[in-house]
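Structural characterization, general
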Amino acid sequence: MKRFNLFLSGCIIISATFAQNVDWQTFYEKSKKTETPSYQATIDYCKQLDSGSKMVTYTTFGKSAQGRDIPLLILDRDGLSNPDEIRATGRIILLIQACIHAGECEGKDAGLMLFRDLAIENSFRSEQPGSPSQNPLSGSRKLSLELLNHVTILFIPIFNVDGHERFGRYNRINQNGPEKMGWRTTANNLNLNRDHLKADAPEMQAWLRMFNKWMPDFFIDSHTTDGADYQYEITYLMEIYGDMDQGLTNWSKNNFIGQMQTHMIKSGYPVFPYVDFRNWHDPRSGLVTEVAPPMLSQGYTALRNRPGLLIETHMLKPYRNRVGSTYECILATLEILNEESDNLSKLIKAADLFVSSSTFLSTPFPLQFETRMDDSTMVEFLGVEYDAIKSDLSNGYWFNYSNIPTTFSLPYFSTAKPVSTAKLPYAYIIPVEWKTVIDRLYIHGIRLWELPKDATLKIETYRFKSPKWQQNPYEGRHPMTNIEFDEIQEYRLFPAGSVVVEVMQPAGRIIPHILEPNGNGSYVYWGFFDATFEQKEYGESYVIEKMAREMIKENPALKDEFEKKKQSDTTFAKNPQLILNWFYNKSPYVDNRKMIYPVGKIYDPEELEALKH
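Nothing here was measured: the structure is a model prediction, and the numbers come from that model.

A look at the pattern of salt bridges
The tally for this structure, following the rule as stated, stands at 35 salt bridges. In this structure, the salt-bridge partner of Glu29 is Arg116, at a minimum N-O distance of 2.9 Å. Of this pair, Glu29 sits in helix α2 (residues 27-30) while Arg116 sits in helix α5 (residues 106-127), placing them 87 residues apart in sequence. Relative accessible area serves as the criterion here: at 13%, Glu29 is assigned to the buried category. Put simply, Glu561 and Lys586 hold a salt bridge, and the shortest N to O gap is 2.7 Å. Within this pair, whereas Glu561 is found in helix α14 (residues 556-568), its partner Lys586 is found in the loop between α16 (576-584) and β20 (600-602), the two being separated by 25 residues in sequence. Judged by its relative accessible area of 36%, Glu561 is partly exposed. The exposure class of Lys586 is partly exposed, given its relative accessible area of 38%. Each member of the salt-bridge network shares a partner with another, and the members are Asp195, Lys198, Asp200, Arg440 and Arg477.

And the structure:
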C-alpha cells in the first residue's frame, strides 16, 4: 500500500509538473480566435488533455473511409471511461458532437476550451493547492468542478475527419471565418447528417455502435447556418413538436429550454429557435419550424428517447462570436443537466419502458409530419433591415441586408400534424436473404432474434404499385419519389435464419421508420429493396402475339381494359414492347412476387410466442 501511495504521489507530481510546463492555449486562441486547428493538431491537443488530467481519457471509436481515427474525449471527475462504471455512480452522460459538417468548426474549438477549463484548471489547482494564482493556464476560464458532479461528458471534436482534411479557404462561400476549414461531406461525398438512419458511411456505422455502447442521456450537435441575416449569433432546435416521448418533450419545453435561454441572454447571446422562412432568404414572409427526420442527428436521438440539442450559429457573424456563443450554450446545458440529472434519468427510463409496453402499440404511430400553415403565433424576431431587389443578372430577387438592427413582429408556424401513420405490429419479420437490411438493424442496436427453423406464418404486408424513383442521385442513392401500396394478408414461408424484430423494445420508435415503407427515410425509400420492383422474366413476341389473342377471346373484358389503356396512355399505345409486356403481366406466367414487400408484419402475439419454441 505504501508503495502504491508513493506511486500515486509521483503521478500527481508528474501531472502537476506537466501542467506547469505545457502551453494550454488552444490553436484557436493562439490565432487570436481566427483559425481552427488541423486534424493532427486537434488530436495532439486531445492527447495533451489526456496527459494533463487524470479526469480526461482520449480514445477513438472507429475509422473513416480513408482510414483516419475518429477521436473521442471522455471527461469524468473520477477518471472513469467505462459506461457501466459511470452509470454505477449515478451520473448521466452528455454527448457533444462537432464537425459532422467539417467546415462548421465552432463546436470543436469551444469544446476543447471547455475541456481545458474544466479538467486542466481543476487538476492543476487540486494538485497544487498552495500554488500562486498565476499559472500556465493564462486566459482560461475557471469552471467549478461541481459541474461534473452528476454529468460525464463525451466529446467528438471532429466526426467527419476525412472532410475535415479537405482543408481550405474556399469551402464555405457564405461563411465568415475561420481562415481555413474542412469540407461538408466525407471522402465518399456523403453528408453524415443525412445518414443516421440508412447508415451507409463507415463513419456513421462507427457512430451508431458508439452511441449504442454509451446510450448518452443528452446530445448536442454543433452546426453553422445561413439563409438570411439577422441579429442572433446562435439559434437552436429541439424535437418538441410531436415525434419524441411526451414526458421528454415536456421536460425539454418546460425544464431545459427556458433555463438555457436565460443563461444565453445573461452571457450576451440571446437565442431563437432555428427556423426556415416561408420564402427563402425573406424573414418578413414568416418563420417555419419543422419536425426533424431521423436521418438528422437530433431527429434520430429523439426517436431513441434521448433529447438532442441542435446548435446553429450564424455563419455571417465573426468566428470568435460563434465559438463564444457555442461555448456558452454547451456550458448552459452542462449546468442544467447537473441540476436535472435525476429528473432526466427517470424520464428516459419511463420513455424506454413505455416503448417496451403493449400500450405503445395501441395507437397509430406517426411516421411523417408537416407544419400547419393555418396555425401560427406572432413572435418578436431580432432581424436587420433589408431590401429585396429584382436582379437584372439572375432575374430572381437579390436580398440586400444592411447592418441596421430592427425587431420584426412575424408569424411563427411551429404546429406539426401527422400526415402518415402506421398500425404497429407486435413484430416485423425479415427473410434471411435480406442480409444488408438485417446487418443495418444490428448496427442500430435493435434487438433481433433468428428463426431456429423454417416457419409458415400468416402475415400482413404490402403490394406496391406505380413506383417511381428520383432521377438524380441523393446521398449516393436514387430515392423513391412515389411509394404507393395496398395492404395484403398472406401465408408465407420464412426460412430458418430469418429475423424477428419485436417492436416493444427501447429502440421501438426507430424501427417503424426503417421498416414501414412510408417511414421518414425508410429503407424502401432509400432503395434497399429496389430488387423487389424488377421484372426478371419476359415473353417473346412470337409467343405473346398468339397468347394475347387467345386471352382476349377467352376474356372479352380484357379487350375493353386494353382499349382503355391505349386511350389513356399514348406512349403505351405506340410501343409494341409495352403492349406485349402488358399482356404478359396479365398471363399466368407473371411473377406473382414482384412488387410484394419482403418484410412481414405479425399482429398475433400467440403466433409470435409460438415461434420462440
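Quick notes on the nonpolar core
With 154 residues, the main nonpolar core has Ile153, Trp207, Phe218, Ile430, Val501 and Leu515 as its most contacted residues. It is helix α10 (residues 319-355) that provides the largest number of residues to this core, a total of 14 residues. Dropping the residues within four chain positions of it, Trp207 is found in contact with Phe61, Leu95, Gln97, Ile156, Phe159, His196, Phe219, Tyr300 and Thr301. Of all hydrophobic cores here, the second largest spans 12 residues; its members include Ile544, Met547, Ala548 and Leu558.

A closer look at the sheet that holds strand β3 (residues 92-97)
A sheet is described by the order of its strands in space; here eight strands give the open sequence β1-β2-β4-β3-β5-β10-β6-β7, paired in mixed fashion. Each edge of the open sheet carries a strand with a single partner, namely β1 (56-63) and β7 (271-273). Direction aside, the axes of adjacent strands within the sheet are offset by 25 degrees on average. Examined bridge by bridge, strand β6 (residues 234-237) and β7 share three bridges and lie parallel to one another. Residue pairing across strands places Ile234 opposite Val271, the latter belonging to β7. Across the sheet, α10 touches β3, β4 (151-156), β5 (218-225), β6 and β10 (308-314), and the angle it forms with β10 is around 165 degrees.

With respect to empty space enclosed by the protein
Evaluation of the coordinates by the stated rule reveals two cavities of 30 Å³ or more. One number sums up the size of the largest cavity: a volume of about 70 Å³. Every residue lining the largest cavity is listed: Thr225, Asp226, Tyr230, Thr235, Phe272, Pro273, Tyr274, Val275, Asp276, Phe277, Trp280 and Phe381. Among the secondary structure elements, those contributing two or more residues to the lining of the largest cavity are β7 and β8 (276-279). When its residues are assigned to classes, the lining of the largest cavity shows eight nonpolar, two polar and two charged. Considering only enclosed or pocket space, the second largest cavity measures out at about 40 Å³ in volume. What lines the second largest cavity is Asp243, Val291, Ala292, Pro293, Pro294, Leu303, Leu367, Phe369, His513 and Asn520. Here the residues of the lining of the second largest cavity sort into seven nonpolar, two polar and one charged.

Description of the sheet that holds strand β12 (residues 377-390)
Read from one edge to the other, the open sheet built from four strands follows the order β8-β9-β13-β12, with strand pairing classed as mixed. Sheet topology places β8 and β12 at the edges, where each strand pairs with a single neighbour. Ignoring which end each strand starts from, the neighbouring axes of this sheet average 40 degrees apart. Relative to strand β9 (residues 282-288), β8 is paired through three bridges, and the arrangement is antiparallel.

What about the packing of helix α13 (residues 541-554) against α16?
Contact geometry of α13 with α16 gives a least axis separation of 9 Å together with a crossing angle of 60 degrees. In terms of orientation, α13 and α16 fall into the oblique class. As for how α13 packs across α16, the hand of that crossing is left-handed. For the pair formed by α13 and α16, the contact residues are Ser541, Ile544, Glu545, Ala548, Met551 and Ile552 on the first element and Leu580, Phe583 and Tyr584 on the second. Class assignment of the residues belonging to the contact of α13 with α16 gives a composition of seven nonpolar, one polar and one charged.

Structural notes on the layout of surface pockets
Roughly 660 Å³ of volume is contained in the largest pocket. Looking at the lining of the largest pocket, its residues break down into 13 nonpolar, 11 polar and nine charged. The space that makes up the second largest pocket amounts to roughly 430 Å³. If you trace the second largest pocket, you find 13 residues lining it, with Phe464, Lys465, Asn585, Lys594 and Met595 closest to the centre.

Let's talk about the pairing of β1
Bridge analysis of β1 against strand β2 (residues 69-75) gives six bridges, and the strand direction is antiparallel. When the bridges of β2 are listed, Tyr58 appears paired with Leu73. The turn linking β1 back onto β2 is made up of five residues, and Gly67 within it adopts a positive phi angle of 90 degrees.

Notes on helix α7 (residues 202-214)
Here α7 contains 13 residues, and its C-alpha end-to-end distance of 19 Å stays within 8% of the 18 Å for a straight helix at 1.5 Å per residue. Listed in full, the buried residues belonging to α7 are Glu203, Met204, Gln205, Ala206, Trp207, Leu208, Met210, Phe211 and Trp214. A positive phi of about 40 degrees marks Met215, the residue just after α7.

Side note on the packing of aromatic side chains
This model, assessed by the stated rule, comprises 39 aromatic pairs. A ring pair is formed by Trp207 and Phe219, whose centres lie 6.1 Å apart and whose planes are at 80 degrees; its orientation type is edge-to-face. In this pair, Trp207 sits in helix α7 while Phe219 sits in strand β5, placing the two residues 12 residues apart along the sequence. A single burial state applies to Trp207 and to Phe219, both of which are buried. In textbook terms, an aromatic cluster arises when at least three aromatic residues are bridged by ring pairs, as seen for Trp434, Tyr462, Phe464, Trp469, Phe485, Phe529, Phe533 and Tyr597. The lysine or arginine in question, Lys390, covers the ring of Tyr397, its NZ or CZ lying 5.2 Å from the ring centre. Over the face of the ring belonging to Phe572 we find Lys565, whose NZ or CZ atom lies 5.3 Å from the ring centre.

Side note on the packing of α13 against α14
Axis separation between α13 and α14 bottoms out at 4 Å; the angle between their running directions is 115 degrees. Two secondary-structure elements touch here, α13 through Met551, Ile552, Lys553 and Glu554 and α14 through Pro556, Leu558 and Lys559. Its residues placed into classes, the contact of α13 with α14 shows four nonpolar, no polar and three charged.

Criteria and thresholds
- Residues numbered from 1 in each chain as written.
- Predicted model: local features only at pLDDT ≥ 70, side-chain atom pairs only at ≥ 80, totals over all residues.
- Heavy atoms only, no water.
- Salt bridge = Lys/Arg side-chain N within 4 Å of Asp/Glu carboxyl O.
- Helix = DSSP H or I, 4+ residues; strand = E, 2+ residues; numbered from the N terminus.
- Buried < 20%, exposed > 50% of the residue type's maximum accessible area, 1.4 Å probe, protein only.
- Core = buried A, V, L, I, M, F, W, Y, C linked by side-chain atoms within 4.5 Å.
- Contact = heavy atoms within 4.5 Å.
- Pairing = 2+ DSSP bridges.
- Axes fitted to C-alpha atoms, helices over the stretch in contact; angles between N-to-C directions.
- 1 Å grid on protein atoms, 1.4 Å probe; cavity = no way out; pocket = protein on both sides within 12 Å on 5 of 7 lines; lining within 4 Å.
- Points joined across faces, edges and corners; volume = space filled by probe spheres on them.
- Nonpolar A, V, L, I, M, F, W, Y, C, P; charged D, E, K, R; others polar.
- Parallel < 35°, antiparallel > 145°, perpendicular 65-115°, else oblique.
- Left-handed = near helix turned anticlockwise from the far one by under 90°.
- Expected span 1.5 Å × (residues − 1).
- Phe/Tyr/Trp six-rings, centres within 6.5 Å; stacked < 30°, edge-to-face > 60°.
- Lys NZ or Arg CZ within 6 Å of the ring centre and 35° of its normal.

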